[in-house]
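Observations on chain architecture
Listed here are the chains, written in short residue letters.
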Amino acid sequence: MEVGARALDVLPLLQERVASLTGGRDRRGGPIIWFPAHSRRDRVAPDDYRRLLHYLISIPSDTARSHGFTILIDMRGSAWAAIKPILKVLQEHFSSSVHQALVVKPDNFWQKQRTTIGAHKYKFETTMISLEALPKVIDTSQLTPDLDGTLQYDHAQWIDLRLALEELMWQAGELLDRLDDLQEDVARADFADDVTGARRAIDAHADINKRLAKIPVDELEAQGERVVQRLETAAAACAEASGGGAAEAAFHCGSPAALRAQLSAVRSAHAHAHKLWQHKKMQLDQCFQLRLFEQDCEKMLEWIVNHRTAFLATYVEIGRSCAAAKRLQEEHARFAAACTGGGRPSVARVTAAARRLADKRHYAEPQITALAHRLERAYKQLSAGLEERSAVLSLSVVFHHKAEAYAGAVGGWGAQCAVALQLAAGGPGAPPCSDPRALEQHAQRHRQLYEHMCQAYTEVHSTSKKLLYQLDHLVQVCHQTDPADMNEGSVSSAGGSGGDPAADYSSGANHVLAVIHQILGHHRALESRYHQARLKLHQRLALLLYKEDCRQVLDWLGNHGEKFLIKNTGIGRNLHKARMYQKSHEHFENVAQNTYTNAEKLLSAAEELARSGECEAEEVLGVARELEAHVAAFAARVDRRRRRLDLAVLLYTHEKELLQWLETLRGGGGGGSASTSDESPEAARRALEQCAQHRAASLDACAATIAHGEALLQDLRYVMHNY
């Protein structure tokens, strides 16, 4: 389908009134395209219908087109064969834009024609309708007088207005294209690299202004106002002739507001192009100032490069001793002072000039600012390198001082470790320490020695890490290159050193790593000697403490337990005394139970000490076996005395029961006294049996009591023999 169709393209078809856009609308609000009665329809080709419909459908607004078009075909005076090409073109090319097709038939249609419309063949509704029924679908105010309507439509006037409107819109488009070309010419004006080139650019820019002045914007606006006036007059006449019912019918010819908007766009584009020209003129005038500023920056950057080259020649040297590091520190301080005093004021002057140009709204303000920033970055990189090396040399002085101090103290620390080992394990002519408190004090001093030794090593190692990190940071700072500084002549040379960062770092770090490896070797040897002495000290101290705990248990057994057993050998002369001794012994057993518990803990501790290696296994287990033997022997004597007291209480209890039984018999009591009232032989027999049972039980009780007494006597004889 054609794009941007004009009335000139289909002017013959319009003049023959093949179809018209009258401005009428159906009851839905959809625009109407009218095919008036035409006797020469059979001579119109389908492609002509397509081009004409494409043009007419493109005229209404998007809102009007969204309702869908109503195609009104006046069939009066035509045969059905002349109508079918119109419907076919609508079906094949414009079915999405058409809502319905209304075919106005003659009154005698059904008598003269027997052909029917196949409505199912079309994607839009197709209806045969009589002229009398047409107002039911379309209001008469939207129909022309040819269809018994009241809508006033002048086809010749419509064609003239469309031709004038489209010609004006085409001229406006041409002027907009010319203005776009001029704006592109203004935008393409390059800035020269020198003064001569800048002057040539100014002359070329003046020619653009002459071309801009020749654009006939005023003439176009005058012509546009005349066309707008004609459109408004035609719309008012149409509305008046239609009785006010077609006040919105002028849309079919053209919108005055759209035309004014196009003219306004031309005026705005012309003003914008002139504004761009003036702005570019100001930029070209400022070009010379920019070149002078760039020259000053280049000189300053060259100065920075020279000093940076001198700095990078020796920037990774950190010295091989504390004295050498201090000498380098003093030399660097003098060089840094010279760079700061000579470079900072010059850089400040250049950056101040950049700020003045920026305050005047220089066209190249971003470029000037970027160049000033690159200069500041180059100087800051030099300053940062100087500061980083100052920090590196300060750390180098501290590192070498601490490393030399550590190396000087290695001999004394080794001697102290040897003394601690001799105290724990003994030596030629010197037995190991036997005092737990003194040994514990030696172990504490040994730990303090290790802490002091580790602290000294940690300080050296920590300082070395800081030094290596600072040295790496120095190398990175001195080798970093800002991507914005690349390909900028001397600016790029100010951004990097051109050397190998890894090689520079290695040259400064190798000495530090060598010193650290030497210190680490000393420290590992000292740690080995320390741990050997610490192990011996702990083993010796653990054994002494274990022996002390065992001695306390044995002391209690000897001073309290044995004395109690020796002192309390009696069993009492009666039941009351025996029970008193029994309770006293139970209390003693409860007290001794704590000692048993402590002994069990010591035996378990001995196994743990032997298994963990904190003490010599044979020595600590020998002490444990001795303790276990003493405790077992003591516990056996305690148990024997408890059994002896239990036997005495049982003996005295049986004795008391027998004596009470005898007293009962002597008093005439017993089992037979209850049956004296019964003098029968059977009662006598039962009494005799009961007496026999009592006699047997008494004899058994006496025998058991005698056995208890003999066992008790035997145990007492054993006690007397052993104590």
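Residues numbered from 1 in each chain as written. Predicted model: local features only at pLDDT ≥ 70, side-chain atom pairs only at ≥ 80, totals over all residues. Heavy atoms only, no water.

The name given to the chain in an unreviewed UniProt entry is CRAL-TRIO domain-containing protein, with the source organism recorded as Euphydryas editha.

A few words now on helix α6 (residues 155-188). Between the first and last C-alpha of α6 there are 49 Å, a value that for 34 residues agrees with the 50 Å anticipated at 1.5 Å per step. The N-cap residue of α6 is D154: its side-chain oxygen and the backbone nitrogen of A156 are 3.3 Å apart. (Helix = DSSP H or I, 4+ residues; strand = E, 2+ residues; numbered from the N terminus. Expected span 1.5 Å × (residues − 1). Polar contact = N/O pair within 3.5 Å; in protein donor to acceptor, adjacent residues only side chain to side chain.)

Ranked by internal contacts, the top residues of the largest apolar core, which has 58 residues, are F293, Y315, L375 and Y406. Among the secondary structure elements, those contributing two or more residues to this core are α10 (287-312), α11 (322-359), α12 (365-425), α13 (436-479) and α15 (501-567). Top contributing element to this core by residue count: α12, with 16 residues. Not counting residues up to four positions away in its chain, the partners in contact with F293 are V350, A353, A354, L357, I368, L371 and A372. Membership of the second largest hydrophobic core comes to 38 residues, among which are A7, L21, V103 and F124. (Core = buried A, V, L, I, M, F, W, Y, C linked by side-chain atoms within 4.5 Å. Buried < 20%, exposed > 50% of the residue type's maximum accessible area, 1.4 Å probe, protein only. Contact = heavy atoms within 4.5 Å.)

Within the secondary structure, S20 is located in the loop between α1 (11-15) and β1 (32-35). On the basis of relative accessibility, which here comes to 1%, the residue S20 falls in the buried class. For S20, the side chain forms a polar contact with the side chain of H155, separated by 3.4 Å. Setting aside residues up to four positions removed in sequence, S20 forms contacts with I32, I33, W34, L56, Y153 and H155.

On to the pattern of salt bridges. A complete count under the given rule lists 16 salt bridges for this structure. D74 serves as the salt-bridge partner of R76, at 2.8 Å between the closest nitrogen and oxygen. Judged by its relative accessible area of 27%, R76 falls in the partly exposed class. The partner of R686 in a salt bridge is E682, and the shortest N-O contact between them spans 3.8 Å. Within this pair, R686 and its partner E682 are both found in helix α18 (residues 681-722), separated by four residues, close to a single helical turn. What emerges from the salt-bridge pattern is a single network uniting D47, D48, R50 and R51. (Salt bridge = Lys/Arg side-chain N within 4 Å of Asp/Glu carboxyl O.)

This part takes up helix α4 (residues 80-93). Think of an α-helix as 3.6 residues a turn; residues three or four steps apart then line up on the same face. The terminal C-alpha atoms of α4, which comprises 14 residues, lie 21 Å apart, in line with the 20 Å expected from a rise of 1.5 Å per residue. Turning to α4, its buried residues are W80, A82, I83, I86, L87, V89, L90 and Q91. Next to the buried residues of α4 lie β1, α2 (46-58), β2 (69-74), β3 (98-105) and β4 (125-130).

On to the sheet that holds β1. Strand order in the open sheet formed by four strands is β1-β2-β3-β4, with parallel pairing between adjacent strands. Each edge of the open sheet is held by one strand with a lone partner, namely β1 and β4. Geometrically, the sheet is characterised by an average inter-axis angle of 20° between neighbouring strands, direction not taken into account. Here β3 pairs with β4 via six bridges, running parallel. Of the residues in β4, the one forming a bridge with K105 is S130. Of the strands in this sheet, β1 and β2 are in contact with α2, which crosses β1 at around 150°. Running over the sheet, α4 touches β1, β2, β3 and β4 and is turned about 165° from β2. (Pairing = 2+ DSSP bridges. Axes fitted to C-alpha atoms, helices over the stretch in contact; angles between N-to-C directions.)

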